[in-house]
Each structure stands twice: as C-alpha cells, then as structure tokens.
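Residue-level structure breakdown
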2 protein chains.
Amino acid sequence: MNVHSKTQAAPRQQIDPTDKRDRILQATIRLISEYGFHGTPVSMIAKDAGVGTGTIYRYFKDKDALVLEIFQQVNCAFKKTLLHEYVVSQPIRDRFLHLCRDIFQYGIHNPYEFKFIEQFYNSPYGTTLRREKLFCNCGDPGQDLPLEQVFAAGKEQNTIKDLPLAALIALAIGPIVFLVKDSIVGLIQLDDATINATMAACWDAVKVETGTSK
Amino acid sequence: MNVHSKTQAAPRQQIDPTDKRDRILQATIRLISEYGFHGTPVSMIAKDAGVGTGTIYRYFKDKDALVLEIFQQVNCAFKKTLLHEYVVSQPIRDRFLHLCRDIFQYGIHNPYEFKFIEQFYNSPYGTTLRREKLFCNCGDPGQDLPLEQVFAAGKEQNTIKDLPLAALIALAIGPIVFLVKDSIVGLIQLDDATINATMAACWDAVKVETGTSK
DNA sequence: AAGGACGGAATGAATGTTCACTCCAAGACG
DNA sequence: CGTCTTGGAGTGAACATTCATTCCGTCCTT
C-alpha cells in the first residue's frame, strides 16, 4: 500500500502499524485449530506469521495469554454474528432458522475460528469456563444466547418440544457443528440446498409435531 | 517350546499375564481423552498405569503406535456395540432408534473411549484416515456402518428425507455426540426420559414428514 | 545519534526414547 | 529337594530432542 514508503506519507511505523500483532493472532488461530494447543509450538506460530519468536512476546505475555485473547475475541465476534439482523418480533421458526443459517455461514466462512472455538470449548479450560457460566459476555452481562431465548419463547407457546435446554441446543447445533467440521476438512461440499434442507431438518427435530406423530 | 510347562493348571506366567499392557492402554485412554495427545506425556501415562516409563516401550514401539492401537481397538469395539442385537428385518424407525440408543449408551458407559474416538477423528491423523476411507474394518471389509444401511433403505422406501448421507449422519449423530460430551464433563445429567425424547427428536429430523409440513 | 522494534540464537525446563541394570520364575544339576 | 544358572520382563536414570521464554545485537525511525 501507499509506497513512497518512507518520506512520511505513511504516518506510523514503516511497514506494519499493528500488522504484526494481527498476523500473530491469525497464524495462531489457523495452526491451533488444526494441531491443537499443545501441538503448535510458538516457533511454528512465529514462522507462519513471518515474525521472530521473540516478537510474539512483545505483544503477549505468554502463550496462554495469546490463546485466551483469541478465544475472547473470536467468541465475541461469533456472538455478534448471531445477533446480526436478528429480530425478536419474528416468528419462532424464522428466528430459529436465521440463527441456524448464521452458524452455518460463520463456520463456512471462518473455518479456523470455528474449529478454534470448538477445540477451546472442549478443552479442560473451556469446560471450566462453561461450568462457571462466565463465558465472554461482551459487555452484555447476563444476556442469554439468542438460541436460548428462542427456545424459551417457543416452549411457552407450545411450538418447541418440552425438552431440557441442553437437549434442544444439542439438537439444533449438534448437526451443524458436525456438518461444518466435515466441510472444513474437505470431506463434503456444502451447497445452499443442503444447508437449507439441514436447517429445516433441525427445525423438525425441535418443533412440536403438527400432524400425527409416528 | 511348550513342554507341558509344568502341570498346566496355571498355564502362563505367575502374576500379570498381560495385565500391565492393559493398564497402560487404559491409562492412555483416560489421560488422552482428557488432555489430548500432546497434552499427556509418556511419563504421566507410566505413573497413572503404575509402571516404569521404560515398560511402555516393551509393549509399544512408540507413543504413536500406542495411540493407534488404542484407536483401532476402541473403534472396533464401538462398531461391534452398534451391531449388537441389530436386526435388519425390523422397521427403519426401530433400527434407527436402536442405533441411537446404542450410541448414547456407549458414550455414557465408556466416556473415556467416547472422547478418545472423537478427539482422534478430529485430529489430522484421524481426518486423513477418514478421507482415505480406511477406518478399521474389523474383518468385515467394505461393510458400511449400519446407520448408512438404515438411511439407504429408508430413502428407498421414502421414509427418510432425501438428503446427502453426510447430512443425515450429522442430524442423527451430531446431537447425541453433543449431549454425551456435555454429560461426560458433568454439565448435565442424562436420564432415560431425556435420552428417549432426544432420540425421537433425531428421528423427527431425518424422517419424511407425514402431516402437513409448515 | 538515541531509542525502540525486531529477529533469532541462547537458555533452561520438559518430553520422548534408550539402555544398563535388577529381579524373579523356571529349568538344570547335584 | 536345594542350589545354581538363565532368560526375559521390568525399571528409572541418562540422553537427545523439542519447547517456551529470555536476551542481546541489529536496524529502522526520528
């Protein structure tokens, strides 16, 4: 960008304003999502980010701090994605499908972040976080996930099955996580038709049956 | 060799026939399911198994061989569980629910093995295996998973939705894996009622709608 | 020229693997 | 029967490697 590099045209440092910090974050997400925390040495992150290993410690106290910051950042971004264009006044089914689609899209367009979050949540550290219900509230303390709101509202008006919340979430998110992971590793190709049909099937799983059951 | 090796009553060695080997396997499953491959040093496995570190290398070439053997063993045992009392002549829905129940039960009763398999499948090595479709065929080469058979049969008779196989599997297994993992880390308590209702909901997801769709 | 950002060699701790040794059960020999 | 020999399972300290973190010389900016 810019060129004349030097001669002051670029106001800050020469090449990377805070570029390096971002490169480190991105490389870490990518590598840890593939090899796991203990499977990715700091040296590997440095090489992938194109910086010296020492530089990483200029920006982060240690490896743990680096990973924790990534989790908080990615987790917040993901939650914001879910709330994007989410309208509480819409019918339960529409809101549900909207959320499903957002999760699908997020996973497909942010595969590394998606796998990173999943790994983190299933790590001992992530489990502790979940148990303590701390999460990252992103400045909206105490607010439930929108999916939980939808289920609560749906149960009241007898649109959603009367199941434990954990089971409903599993029915909604489980298949999506499963499919997206397969898609990320290249085992399948997710086209729009499949995504839509799968979302609809997730709805069938959580909705109250309308016709005869069986 | 042989010789009546004495009186034959106690055929083999005195105390530990293959006891240690098993203890090593069990410890590895438990620890890796919790801390991951790179997160569990061999020394930790040795201590947990109550053997010297060197002993592990009497039974296994290296750490990789140890883990690979566990995967093959556990994977085969799991598949056998799925085929237990599985009757092809039963209706699609009954076979489906039977398989779902088996997966639930296996996960609840073998939490370490369950998490181990999940981790392995999502590791780079496991992904390669899946892509190569090699798996562990347990002596039944080419035989599909029973779940795949059920879906194939169900599609033919228009009982199961016409979705890609991967999507159907995700709809069936995704929620179960999700719930069992939560149950293993103690976030929820899975009672029979919840299990049954969740299985039924999985069926709703994959079955062809009978009443009006909406 | 001063000061800080940067890279990467240096460092010490941790990990996977090896190896020289111990120990004990099971024949061999009297 | 009792003692000696032996072979191999078992062990954990030692070794080589890898890792996270630190440190210092270099270079860029001002």
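Structure first, text after, so check above.
The paragraphs below set out a description of the structure included in this document. (Residues numbered from 1 in each chain as written. Chains lettered and ligands numbered in written order. Predicted model: local features only at pLDDT ≥ 70, side-chain atom pairs only at ≥ 80, totals over all residues. Heavy atoms only, no water.)

1. Considering the nonpolar core
Note the cut-off: Side-chain atoms within 4.5 Å are what join buried Ala, Val, Leu, Ile, Met, Phe, Trp, Tyr and Cys residues into a set we call a nonpolar core. To sort residues, take the accessible area from a 1.4 Å probe on protein chains only and compare it with the maximum for the residue type: under 20% means buried, over 50% means exposed, and anything in between is partly exposed. Labels follow the DSSP assignment, with helices taken as runs of H or I lasting at least four residues and strands as runs of E lasting at least two, numbered in each case from the N terminus. In this description, contact between two residues means that some pair of their heavy atoms is separated by no more than 4.5 Å.
Counting residues in each nonpolar core, the largest one holds 119 residues, and the members touching the most others are Ile56, Phe96 and Phe151 of chain A together with Ile56, Phe96 and Phe151 of chain B. The element contributing the most residues to this core is helix α9 (residues 165–184) of chain B, with 12 residues. The residues touching Ile56 of chain B, leaving out its near neighbours within four places in the chain, are Ile24, Val42, Ile45, Ala46, Val51 and Leu66 of chain B.

2. Observations concerning the protein's contact with DNA strand C
We apply this condition: A cutoff of 4 Å decides nearness: a residue is near a molecule or strand if any of its heavy atoms lies inside that distance of it. Two N or O atoms count as a polar contact when they lie within 3.5 Å, although within protein this holds only if one can serve as hydrogen donor and the other as acceptor, and sequence-adjacent residues are included solely when both atoms are side-chain atoms. Amino acids outside the nonpolar list (Ala, Val, Leu, Ile, Met, Phe, Trp, Tyr, Cys, Pro) and the charged list (Asp, Glu, Lys, Arg) are all regarded as polar, and Gly is one of them.
Surrounding DNA strand C, one finds 18 residues, the nearest of these being Gly54 and Thr55 of chain A together with Val42, Tyr57 and Lys63 of chain B. Backbone atoms, meaning sugar plus phosphate, form 74% of the atoms of DNA strand C positioned within 4 Å of the protein. In the model, a phosphate oxygen of DNA strand C is placed 2.7 Å from a nitrogen or oxygen of the Arg58 of chain A side chain. Here Val42 of chain B contributes a backbone N or O atom positioned 2.6 Å from a phosphate oxygen of DNA strand C. Mapped by element, the contributors of at least two residues to the surface near DNA strand C are α3 (53–59) of chain A together with α3 (53–59) of chain B. The greatest single-element share of the surface near DNA strand C, amounting to 5 residues, is contributed by α3 of chain A. Along the lines of polarity and charge, the residues of the surface near DNA strand C split into 5 nonpolar, 8 polar and 5 charged.

3. Topic: the side chain of Asp182 of chain A
Within the secondary structure layout, Asp182 of chain A lies in helix α9 (residues 165–184). Residues in contact with Asp182 of chain A, not counting those within four places in the same chain, are Leu187 and Ile188 of chain A together with Arg130 of chain B.

4. Digging into helix α4 (residues 63–83) of chain B
Going by this rule: A helix's residues, less one, multiplied by 1.5 Å, set its expected span.
With 21 residues, α4 of chain B should cover 30 Å at 1.5 Å per step; its first-to-last C-alpha distance of 31 Å lies within 8% of that length. Of all the residues in α4 of chain B, the buried ones are Lys63, Leu66, Val67, Ile70, Phe71, Val74, Asn75, Cys76, Phe78, Lys79 and Leu82 of chain B.

5. Describing the side chain of Lys207 of chain B
For Lys207 of chain B, the position within the fold is in the segment after α10 (192–206). Lys207 of chain B gets classed as buried once you look at its relative accessible area, which sits at 3%. Of the polar contacts made by the side chain of Lys207 of chain B, one reaches the side chain of Asp204 of chain B; its length is 3.0 Å. Ignoring any residue separated from it by four or fewer positions in sequence, one finds Lys207 of chain B in contact with Glu209 of chain A together with Thr159, Ile160 and Lys161 of chain B.

6. Some remarks on the packing of aromatic side chains
Here is the rule we go by: By convention, a stacked pair of Phe, Tyr or Trp rings (six-membered ring in the case of Trp) has centres within 6.5 Å and planes under 30 degrees apart, an edge-to-face pair has planes over 60 apart, and any other such pair is tilted.
All chains considered together, the criterion is met by 14 aromatic pairs over all chains. Judged by centre distance (6.0 Å) and plane angle (50°), the ring pair of Phe96 of chain A and Phe151 of chain A falls under tilted. With Phe96 of chain A in helix α5 (residues 92–109) and Phe151 of chain A in helix α8 (residues 146–156), this pair connects stretches of sequence that are 55 residues apart. Both residues of the pair, Phe96 of chain A and Phe151 of chain A, count as buried. Plain terms: the ring middles of Phe96 of chain B and Trp203 of chain B are 5.4 Å apart, the flat faces sit at 55° to each other, and that makes the pair tilted. Taken together, the residues Phe96 of chain B in helix α5 (residues 92–109) and Trp203 of chain B in helix α10 connect sequence positions 107 residues apart.

Geometric descriptors of this kind do not, in isolation, establish any biological role.
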